[in-house]
Amino acid sequence: MGRLIIVSNRVPAPRERNQPAGGLAVGLKDALREGDALWFGWSGRQVEQMEGDPTPGIDQVGNVTYATIDLTRAQHDGFYQNFSNGILWPLFHYRVGLMNYSRMDWEMYLGVNAMFARTLRPLLRSDDTIWIHDYHLFPLGQALRDLGVKCRIGFFLHIPFPPWSLVRALPGAELLLEDMQSYDLVGVQTPEDAENLNHALRMNHMAERGQAFPIGIDPVEFRAQAETSMEGPEVSRLHDSLRGAQLVLGVDRLDYSKGLPERFKGYEALLSRYPEHRGKVTFLQVAPISRGNVEEYRQLRCQLDELTGRINGAYSEFDWTPIRYITRPISRDVLAGFYRMADVALITPLRDGMNLVAKEYIAAQDPADPGVLILSHFAGAAPELDEAILVNPYDTDEIADALHQALTMQRPERQTRWIALEKEVSRTTAVSWANDFLQALDEAPVCVSS
Ligand code: GDG
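Computed from a predicted structure; not experimentally measured. (Residues numbered from 1 in each chain as written. Predicted model: local features only at pLDDT ≥ 70, side-chain atom pairs only at ≥ 80, totals over all residues.)

Novice: Which parts of the structure should I look at to understand the overall build of the chain?
Specialist: Along its length, the chain carries 16 helices and 14 strands. Oriented by its inertia axes, the alpha-carbon framework of the chain measures out at about 70 × 45 × 40 Å. (Helix = DSSP H or I, 4+ residues; strand = E, 2+ residues; numbered from the N terminus.)

Novice: When you look at the sheet that holds strand 11 (residues 323-326) in this model, what are you seeing that I'm missing?
Specialist: One key point about sheets: their strands pair by backbone hydrogen bonds, in either a parallel or an antiparallel sense. A sheet is described by the order of its strands in space; here six strands give the open sequence 11-10-9-12-13-14, paired in parallel fashion. Two strands in the sheet have a free side with no partner beyond their single neighbour: strand 11 and strand 14 (389-391). Averaged over all pairs of adjacent strands, the angle between strand axes in this sheet comes to 20°, irrespective of strand direction. Here strand 9 (residues 246-251) runs beside strand 12 (residues 344-347); their pairing, made up of two bridges, is parallel. Bridging across to strand 12, Leu249 finds its partner in Ala345. (Pairing = 2+ DSSP bridges. Axes fitted to C-alpha atoms, helices over the stretch in contact; angles between N-to-C directions.)

Novice: How should unusual backbone geometry be read in this particular structure?
Specialist: Most peptide bonds adopt trans geometry, and most residues besides glycine take a negative phi value. Unusually for a residue other than glycine, Tyr94 sits at a positive phi of about 65°. Inspection of the secondary structure puts Tyr94 in the loop between helix 2 (73-92) and helix 3 (103-120). Under the C-beta neighbour-count criterion, Tyr94 is labelled partly exposed, with 16 such atoms within 10 Å. (Buried ≥ 20, exposed ≤ 12 C-beta atoms within 10 Å, placed from the backbone.)

Novice: Hey, could you run me through the pairing of strand 4 (residues 64-72) in this one?
Specialist: Across a regular strand the side chains alternate sides, sitting on one face of the sheet and then on the other. Bridge count for strand 2 (residues 37-47) against strand 4 is eight bridges, and the pairing is parallel. Note that in strand 4 the partner of Leu38 across the bridge is Thr65. Taken together, the five bridges between strand 3 (residues 57-61) and strand 4 define a ladder with antiparallel strand orientation. Bridging from a neighbouring strand, Val61 pairs with Val64 of strand 4. From the end of strand 3 to the start of strand 4, which pair antiparallel, there are two residues, and Gly62 there has a positive phi angle of about 60°.

Novice: So what exactly am I meant to see when it comes to the environment of Arg237 here?
Specialist: Inspection of the secondary structure puts Arg237 in helix 9 (residues 233-242). With 66 residues separating them in the primary sequence, Arg237 and Pro171 have C-alpha atoms 52 Å apart.

Novice: I keep staring at the packing of helix 10 (residues 260-273) against helix 14 (residues 396-407) and nothing clicks. Help me out?
Specialist: Pairs of packed helices are described in terms of their axes, by the angle between the two and the distance that separates them. As a packed pair, helix 10 and helix 14 sit with axes 7 Å apart at the nearest point and diverge in direction by 60°. The two elements helix 10 and helix 14 cross, and the hand of that crossing is right-handed. Touching Glu262, Arg263, Lys265, Gly266, Tyr267, Ala269, Leu270 and Arg273 of helix 10 are Thr396, Asp397, Ile399, Ala400, Leu403 and His404, all from helix 14. In terms of residue class, the contact of helix 10 with helix 14 is built from six nonpolar, three polar and five charged. (Left-handed = near helix turned anticlockwise from the far one by under 90°. Contact = placed C-beta atoms within 7 Å. Nonpolar A, V, L, I, M, F, W, Y, C, P; charged D, E, K, R; others polar.)

Novice: Hey, could you run me through the nonpolar core in this one?
Specialist: Note on soluble globular proteins: their nonpolar side chains tend to be buried together. Residues Tyr339, Ala345, Ala358, Leu373, Ile374, Leu375 and Leu403 are the most contacted members of the largest nonpolar core, which totals 127 residues. Taken domain by domain, the makeup of this core includes at least three residues from each of domain 1 (2-214 + 429-441) and domain 2 (218-426). Ignoring sequence-local partners within four residues, the contact set of Ala358 consists of Ile347, Leu373, Leu375, Ala379, Ala381 and Leu385. (Core = buried A, V, L, I, M, F, W, Y, C linked by C-beta atoms within 7 Å. Domains from an automatic or database assignment.)

Novice: How do you make sense of the environment of Val220 when you look at a structure like this?
Specialist: With respect to the secondary-structure elements, Val220 resides in helix 8 (residues 219-230). Looking at Val220, the number of C-beta atoms within 10 Å reads 12, which means it is exposed. In this structure, the C-alpha to C-alpha distance between Val220 and Ala364, residues 144 residues apart in sequence, is 9.1 Å.

Novice: Explain helix 8 to me, please; I cannot follow it from the model alone.
Specialist: In an α-helix, one turn spans 3.6 residues; hence positions three or four apart end up facing the same way. If you check helix 8, its first and last C-alpha atoms are 16 Å apart, about what twelve residues at 1.5 Å a residue would give, namely 16 Å. Those residues of helix 8 not exposed but buried are Pro219, Phe222, Arg223, Gln225, Ala226 and Ser229. The buried residues of helix 8 occupy an angular sector of 160° when projected down its axis, which confines them to one face. Taken together, the buried residues of helix 8 touch helix 9, helix 12 (332-341), helix 13 (356-364) and helix 15 (411-427). (Expected span 1.5 Å × (residues − 1). Arc of directions from axis to C-beta.)

Novice: How do you make sense of the packing of helix 9 against helix 12 when you look at a structure like this?
Specialist: At a minimum axis separation of 9 Å, helix 9 and helix 12 run at an interaxial angle of 35°. Crossing geometry of helix 9 relative to helix 12 is assigned as right-handed. Counted together, Glu234, Val235, Leu238 and His239 of helix 9 and Val334, Gly337, Phe338 and Met341 of helix 12 form the full contact between these two elements. When grouped by side-chain class, the residues that make up the contact of helix 9 with helix 12 number five nonpolar, two polar and one charged.

Novice: Would you explain the sheet that holds strand 2 in this entry?
Specialist: The strand order across the open sheet built from eight strands is 3-4-2-1-5-6-7-8, with neighbouring strands paired in mixed fashion. The outermost strands of the open sheet, each flanked by one partner alone, are strand 3 and strand 8 (210-212). When the angles between neighbouring strand axes are averaged without regard to direction, this sheet yields 25°. For strand 6 (residues 152-156) and strand 7 (residues 185-188), the ladder comprises three bridges, and the chain directions are parallel. In the sheet register, Phe155 faces strand 7, and the bridge partner there is Val186. Together, strand 5 (129-133), strand 6, strand 7 and strand 8 form the strand contacts of helix 16 (residues 430-443), whose direction differs from that of strand 6 by roughly 140°.

Novice: Got a minute to help me understand the domain arrangement of the chain in this structure?
Specialist: Interfaces are frequently sized by the accessible area removed from exposure as the parts join. Per the domain assignment, the segments of the chain are domain 1 (2-214 + 429-441) and domain 2 (218-426). Between the C-alpha centres of domain 1 and domain 2 the distance comes to 30 Å. Contacts between the two partners involve 20 residues from domain 1 and, on the opposite side, 15 residues from domain 2. Within the residue set of the side of domain 1 that touches domain 2, elements represented by two or more residues are helix 1 (23-28), helix 2 and helix 16. If one sorts the elements of the side of domain 1 that touches domain 2 by residue count, helix 2 sits on top with three residues.

Novice: Would you explain the environment of His277 in this entry?
Specialist: Locating His277 in the fold gives a position in the loop between helix 10 and strand 10 (281-286). In this structure, the C-alpha to C-alpha distance between His277 and Asp59, residues 218 residues apart in sequence, is 53 Å. Aside from chain neighbours lying at most four places away, what touches His277 is Leu270, Leu271 and Leu407.

Structural data, given as structure tokens:
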């Protein structure tokens, strides 16, 4: 059997390999347990200068070889920070107004993708199957084909694929679509994303490639982690500190796609319109800082600092604080217990490829007394998790109403909804996602003859 080659912008650092934190790392964890595999990508390190292409650092853990390369500061800024996170990320989250296009960054993006291809090429064997991940690496498939690679190559996009009328705001968007032709299969999160991608390809007279493969989690492991965590000191401390108040929990990377200001305002509207909850509910938002040196992310932090201060200033009592807001990451096992303890999960992205937090929350619940999930219509998880209370995150009053409904929902209804949600979370897991994608890739008509 040939090896599986995973390529993603970031390869988990050695200390993250047992406890993956990002969405991609969580999803791939299980796919990597079987057979030999190579995971190739950026080490996360920047160097000032480099002579020629980098030499990959190789590190073997069990059946997985990790091969990582450093980037120069200029490559990091142009390829990663500016083009991937400053142009593609906002555009693909429907925020064309936040896109800071520059042709120089586009050229650096293409250049780094070509460099990825040149450094990966010597590590490949002819019977490998290559699986490339996410928007940082759209052009990598074509760059590998240009170097004569004939293996099967699949691509998975973790973020949404918006309608062509939006994507085409990107100068050179047609070239990204042409890159898609180098892949034997392109996976996206939802049927809507697949429809948008295939429509874009048709509009540009290219062959359709997109199929939906919704990503999942490992619900059995997550539930076990949540149960264990309930015995730990942190969950007891959280429980005691609430002094009987109900807990509303939000967990997100601090990102403008996650709808955090709208969420805080929705919670504020709950306190203002449903005063009976004052003093009886606490909102804990865990939002580890991400991409902290991109301007839009700095502005978002300022906005959230101000909103938290304003809401706490207006509603706090000397013995009760409405919002607890943490911008440091919390360890995964502790977090799992917090999910289980929470009466409500408030997950209101303005756009999200999938949103694994929603699935983790469902997996962590106690079947005898489950909490309630409030989820944005615009999370990729919404079509699967339609037994949640679905909200439009732009509608502050709708968030407040949903919170009131969730905080007062009786146990039988909570259980009925949770049973349906749990079934979905157990149906499409991390393992089934990877297996389904790899099987479809294996069966896809090859786009390059060997
Ligand atoms: C991208 C797409 C898609 C969060 N805070 C902490 C922490 N987390 C963990 C969560 C979850 C993961 O990070 C976040 O995954 P999401 O799916 O919610 O979101 P993105 O990071 O934006 O991921 C997304 C995903 O890729 C997979 O395809 O679903 O739409 O945007 O696992 O639990 N983990 C720890 N501490 C924290 O404070 N340990």
